[in-house]
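Residue-level structure breakdown
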Amino acid sequence: MREITLINAVKEAYIEEMERDESVFMVGQDLRGGIFNHTKGLYEQFGDRIVDTPISESGMYGTAFGAAQTGEYRPIVDFMFAGFSMVTFSEVSVTTGQQYFLHGGKTPMPIVITAAMGTGGRLANDHAMSVMGAYLRQPGIKVAFASCPADAKGLMKAAIRENNPVFIPFHMGLQSEVGPVPDGDHVVPLGVADVKREGSDVTVLASGMQTKFSLMAAEKLKGEFSVEVVDPRTLDPFDMPLLLKSLEKTNRLVIVDEDWENSGFASTISARVVEEGFDLLDAPIRRVCFPNMPIPGGYMEPYIMPNADKIEAAIRDVCA
Amino acid sequence: MSLTKEQMIKLYRNLIRAHEYDTTMYRRMMSGRLIGFYHPGEGAMAPGVAAHTIMRDGDYTFPHHRAHGMAAMVSREMDIKRYLAEHTGKQGGCCEGRSSFHGSFPEKGLFMYSGYIGAQFSPAVGWGWAAKRNGRSQISFCGAGDGGFGQGRAHEAMLMSQNWKLPVIFWCENNGLAIYGDAAEMHPTEDISSLAQGYGMPAMVIDGQDLFACAEAAVAAFEHAREGKGPVFVELKTCRYHEHDIGTPDLRGDVQRSEEEIAELRDRDPVLLATKRVLDEGILSQDEIDQIKAQAKQEVEDNWNWADAQPIAQPTEEELMAAVFAP
Amino acid sequence: MAITEFVMPKLAMGMNEGTVNEWLVSDGQKVEKGDHIASIETEKVAYDLEAPQAGYFKIIGKVGETVPCETVIAAFVNTEEELAFIDVASLGSAPAADNPSSFSAAAEAVAAPAPSAAPAAPVSAPATPASAPINIAAFNTGRIIASPLARKMAANKGLELAYIEGTGPGSRIVKRDIEKAEQTGAGRAPAAVAGMLQGLVEQARIPMSGMRRAISNAMMEKTNGTATLTQFNEVDVTDLLAARKHLAAQEDLLGTKVSVNAFFIKAIAWAAKQVPIVNSSLQGNDIVVWDNVNVAVALALPSGDSYTENLMVPVIKNVDRLSLVEIDAEMKRLINLGREGRLGAAEMADSTITFSTTAGIAPNGTSGNSILNGTNNAIVGIGGAKKKPAEHNGEIALRDLAPVCVNYDHQVIDGAPASRYMNYLYLALEDPTLLLT
């Protein structure tokens, strides 16, 4: 067990998987220099398996997508900022998700789509938006998101080994977050959620940075409410049995998502819980999401976006 | 370089076969025995036949959508009866009957179709990148029409292919029309291939009605790419006799194309020209030609019979859900 | 004192913290705008920082210490004297408080950003939007509001939500309320009602037909077509009961055991003779005052089922010319016919005024507000007498007091004639000797 930063945990995953499987390669922009730490130095080790492209997102993504189609390559495509993947939305979203299904199940697409993502950096909409909803909507794409270094490494390894498209960004604000990471081939399977803190009064379902905020709120409320924090880790496919098991204990649910409230993860899970766990609910489900506005810059983010205070207020509301 | 006699016979046979498949599709569509839509290729079959006859196993391809890529399937000897089944929603279709018109023969390097014009430019870069890396002299064949080059993706693909000297063939079958969009109005220069100049990419402009000229261009272009010299832009001037897709009016802009215009186009029909050539040069006798035509008809009939005999593909919702992800 | 804070700048999108490698000016030095004041290092690059303004420079951050971006590391003041008065502890403090930086901010400061030394104009931001609970009191469906879980628990435990108090928002019944109800034993309906509350179970289904239907229709018709005037009183019938007792003792002689009702009926007729308007019917536009006094007597007779009873009102004709004995005999004759189901049109027709009593069935002292019968304009209800203290000959004594309730049709009979009738009735009931006149 070592204590390392989240960004270095992702880097370890890259190195280990690229050492393990020669067909894995990375394509993006400015990877060799390393905008974020996780690609720094990879070029020295892996040479032409680290591919920099011009600012041609659809050509850049096509490099990965076409190579994956041939069946001989397992690409990781890095968009730098998740919002930039919207520039080639048709490719990352529509074409990617449908390739296997629509073409007779003959071309598995082992493609990993990644980027830095996260609200709170005062960069305004294009850089700050959470694009989870866009990927979650498309059938045929799996979506994962880590809240701590151990999960960041484990999930990325699982994503690279997965024979289907996986969108797995890392949260910009968690890059320097230090946490314990097990030694050895640490893989966190996709589709398995994790209880990050046990409690009995309310379940707070939160991912990425919001897991951290939820834990802070839970700690603050200690003694007043017993808060259970569940980290989905994989948003699609989602580990509903684990959530329902938590609700059997707490009977109250707050879902936190940094993405916009409209048609996002929180809404889908809400609806599913009502369908699958109606009788477990002792209070309405509360969602804490980014309000349906473009993400403003300036100094507005901290109090507009989901944060520990908003989470606390939601907990109080459902526990009333 | 000139083509061998064997090559010319093969080319000719493939053209006749492709022509037969195309015209049969047209008839079936008109008689309600096809699902989805169909973009008839009569008058435009030579370039696709030529390129795919010259291509080798292992090459990656996205054929232009004219005649739904059947020129490619025929010439690369893909199991075309499965495409016919696919196009009629049958079990045994190359996409399990799920796609209405998509082709999928990954063993032959044909991975996908798309409803988006120009979608191919993006993965074509990836096929080229893989081909280069594989070191097996493969090419990435990116077929498109004049309209497809309106896409921004086309620029990115040409840029990146030339940057990296990828073995990508930008094969532009320019028939002068998108749906109603006249290329003269939609592209600022007469030759789409003038784009290549901007990337320092070699280009050639070929008479797309001349099957053998198309083939010679393919030979030259593919060799250039296989030798690692980078992408090539091949523009083939061709035409179509029918509307863009069956059921859509045959307009240029907002004006119906005239019968005279079409008749004039038919004067330079590729089958006509190729037949004349093989006869004139003694490559094939009339008997042999008749035999080729009869065999083509039989082949098409046999394959359609097979496709028609297959049951309709109607998997349950559960079966479809299970097919979204690979194991 | 004018003091300007200088913070560790956030220079790159990915930059979260920085380190001062070297201060390029000394503490307290006067600097000009643009002078290089510090050499800092971020995670990637080293920079020299310039003074954004002129002033006296106070060093706060330590060399070699890595601090988050937006941390105050120095300050400018305008005069040398002010250097001494800088309270470092009051500056900036945790980066989150005033100038929320990056991601750390969202974690801590969520109150509206307070105006700070930062150049940004003070923002009148909304207070942290508290989660607004949905106002379920706004829904008025008449349903009991309970959470899905509470409903399930109640159903499983056989508890009635109607008997459980809800302590959730909007008085919603929630899990803790069910648990409490279990402990305290609430949530269960009284046994007698429990059966009813377990849903509606039919014990019998009786179609409204035949007599029932007819009675029902008649009641509605009379109710809708009558302008009812009601008068109440209590009559001292002690003497009447005593007289009756005498006559009853002479049963063999008289051939019938004279009933109290016979006295009542005779009194009703006697009073009607004094105030004829009450013995009338409305026919079209005419008030017909009858000469005969035919008293209809309300009888409850068995119906075909064990739940309802049939109200029949056979008529004793010409009561005004009959003796008590004759009235009593006729009444009993009609009752017998009724019991045998042989009351026919002859017995039922031609009433002019109606008598109704609850005596013998309802407790003594019960009076009732009866609905007018047929074409009669008055119905007299006299209940069983109850012993009560009353004034008698100037003293309080226990007397037999019978409740009297008369309903009239106000279309024909106004308050004055009604009152006069009531008066005569009262007199006859109080003093039965009047019935001999």
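Refer to the preceding data block for the structure.
These notes cover the structure that comes with them. (Residues numbered from 1 in each chain as written. Chains lettered and ligands numbered in written order. Predicted model: local features only at pLDDT ≥ 70, side-chain atom pairs only at ≥ 80, totals over all residues. Heavy atoms only, no water.)

Some remarks on the nonpolar core
General note: in soluble globular proteins, nonpolar side chains tend to be found buried as a group. Membership of the largest hydrophobic core comes to 135 residues, with the highest contact counts inside it found for Phe167(A), Ile315(A), Phe149(B) and Phe170(B). Element by element, the count of residues in this core is highest for helix H5 (residues 121–134) of chain B, at seven residues. Built from parts of two domains, this core gets at least three residues from each of domain 1 (3–180) and domain 2 (194–319) of chain A. In this structure, Phe170(B) is in contact with Phe121(B), Cys142(B), Phe149(B), Ala157(B), Met158(B), Ser161(B), Met201(B), Pro231(B), Val232(B), Phe233(B) and Val234(B), ignoring residues within four places of it in sequence. If you look at the next biggest cluster of nonpolar residues, it comprises 65 residues, including Leu34(B), Ala67(B), Tyr113(B) and Ile246(B). (Core = buried A, V, L, I, M, F, W, Y, C linked by side-chain atoms within 4.5 Å. Buried < 20%, exposed > 50% of the residue type's maximum accessible area, 1.4 Å probe, protein only. Helix = DSSP H or I, 4+ residues; strand = E, 2+ residues; numbered from the N terminus. Domains from an automatic or database assignment. Contact = heavy atoms within 4.5 Å.)

A word on the packing of helix H1 (residues 5–30) of chain B against helix H12 (residues 286–309) of chain B
All names here are of chain B. The geometry of H1 relative to H12 is characterised by a closest axis approach of 9 Å and an angle of 45 degrees between their N-to-C directions. Taken together, the axis directions place H1 and H12 in an arrangement best described as oblique. The way H1 lies across H12 gives a crossing that is right-handed. Of the residues in H12, those in contact with Tyr12, Arg13, Ile16, Arg17, Glu20, Tyr21, Thr24, Met25 and Arg28 of H1 are Ile289, Ile292, Lys293, Gln295, Ala296, Lys297, Glu299, Val300, Asn303, Trp304 and Asp308. (Axes fitted to C-alpha atoms, helices over the stretch in contact; angles between N-to-C directions. Parallel < 35°, antiparallel > 145°, perpendicular 65-115°, else oblique. Left-handed = near helix turned anticlockwise from the far one by under 90°.)

With respect to helix H6 (residues 210–225) of chain C
Residues and elements named next belong to chain C. Helix length check: H6 (16 residues) gives 22 Å between terminal C-alpha atoms against 22 Å at 1.5 Å per residue, within 8%. Among the residues of H6, those classed as buried are Ile215, Ser216 and Lys222. Seen end-on, H6 carries its buried residues on one side only, within an arc spanning 140 degrees. Residues of H6 that are exposed and point over 90 degrees away from its buried face: Gly210, Glu221 and Asn224. In this fold, the buried residues of H6 make contact with strand S14 (309–312). (Expected span 1.5 Å × (residues − 1). Arc of directions from axis to C-beta.)

Let's talk about the environment of Leu6(A)
Residues and elements named next belong to chain A. Among the structural elements, Leu6 can be located in helix H1 (residues 6–20). Once the C-alpha coordinates of Leu6 and Asp151 are considered, the two residues, 145 residues apart in sequence, prove to be 8.8 Å apart. Once residues lying within four places of it in the same chain are set aside, the contact partners of Leu6 are Ser147, Cys148, Pro149, Ala152, Phe170, Leu174, Gln175 and Glu177.

Quick notes on unusual backbone geometry
Going from Asp236(A) to Pro237(A), the amide bond is cis rather than trans, its omega being 5 degrees. Within the element layout of this structure, Pro237(A) appears in the loop between strand S13 (234–236) and helix H9 (240–250). In this structure, His68(B) takes a positive phi of about 55 degrees despite not being glycine. Here His68(B) lies in the loop between strand S1 (60–62) and helix H3 (70–75). One non-glycine residue, Lys165(B), lies in the positive phi region at around 55 degrees.

What to know about the pattern of salt bridges
Residue and element names in this part refer to chain A. Overall, the coordinates contain 63 salt bridges over all chains when judged by the stated rule. The salt bridge partner of Glu17 is Arg20, with a shortest N-O separation of 3.5 Å. With Glu17 and Arg20 both in helix H1, this residue pair falls three residues apart, about one helical turn. Lys220 is the salt-bridge partner of Glu312, the closest N and O atoms lying 2.7 Å from each other. Taken together, the residues span a long stretch of sequence, with Glu312 in helix H12 (residues 308–319) and Lys220 in helix H8 (residues 209–220) at a distance of 92 residues. Judged by relative accessible area, which is 11%, Glu312 ranks as buried. Here the salt bridges do not stand alone but share partners, grouping Arg2, Glu12, Glu16, Glu17, Arg20, Lys153, Lys157, Arg161, Asp183 and Asp185 into one network. (Salt bridge = Lys/Arg side-chain N within 4 Å of Asp/Glu carboxyl O.)

What about the packing of aromatic side chains?
Applying the stated criterion across every chain, the model contains 27 aromatic pairs over all chains. An angle of 85 degrees between the planes, with centres 5.5 Å apart, marks the rings of Phe36(A) and Phe170(A) as edge-to-face. In this pair, Phe36(A) sits in the loop between strand S2 (24–28) and helix H2 (42–46) while Phe170(A) sits in strand S8 (residues 170–171), placing the two residues 134 residues apart along the sequence. Overall, Phe36(A) belongs to the buried group, its relative accessible area being 5%. Judged by its relative accessible area of 5%, Phe170(A) is buried. Measuring from centroid to centroid gives 6.0 Å for Phe111(B) and Trp127(B), while their planes differ by 45 degrees, and the two rings are tilted. Here Phe111(B) is found in the loop between helix H4 (80–86) and H5, whereas its partner Trp127(B) is found in helix H5, with 16 residues between them in sequence. The burial state of Phe111(B) is the same as that of Trp127(B); both residues are buried. Put simply, the rings of Phe36(A), Phe81(A), Phe84(A) and Phe170(A) pair up and form one aromatic cluster. Between the NZ or CZ atom of Lys142(A) and the centre of the ring of Phe325(B), over which it lies, the distance is 4.6 Å. Over the face of the ring belonging to Trp304(B) we find Arg28(B), whose NZ or CZ atom lies 3.7 Å from the ring centre. (Phe/Tyr/Trp six-rings, centres within 6.5 Å; stacked < 30°, edge-to-face > 60°. Lys NZ or Arg CZ within 6 Å of the ring centre and 35° of its normal.)

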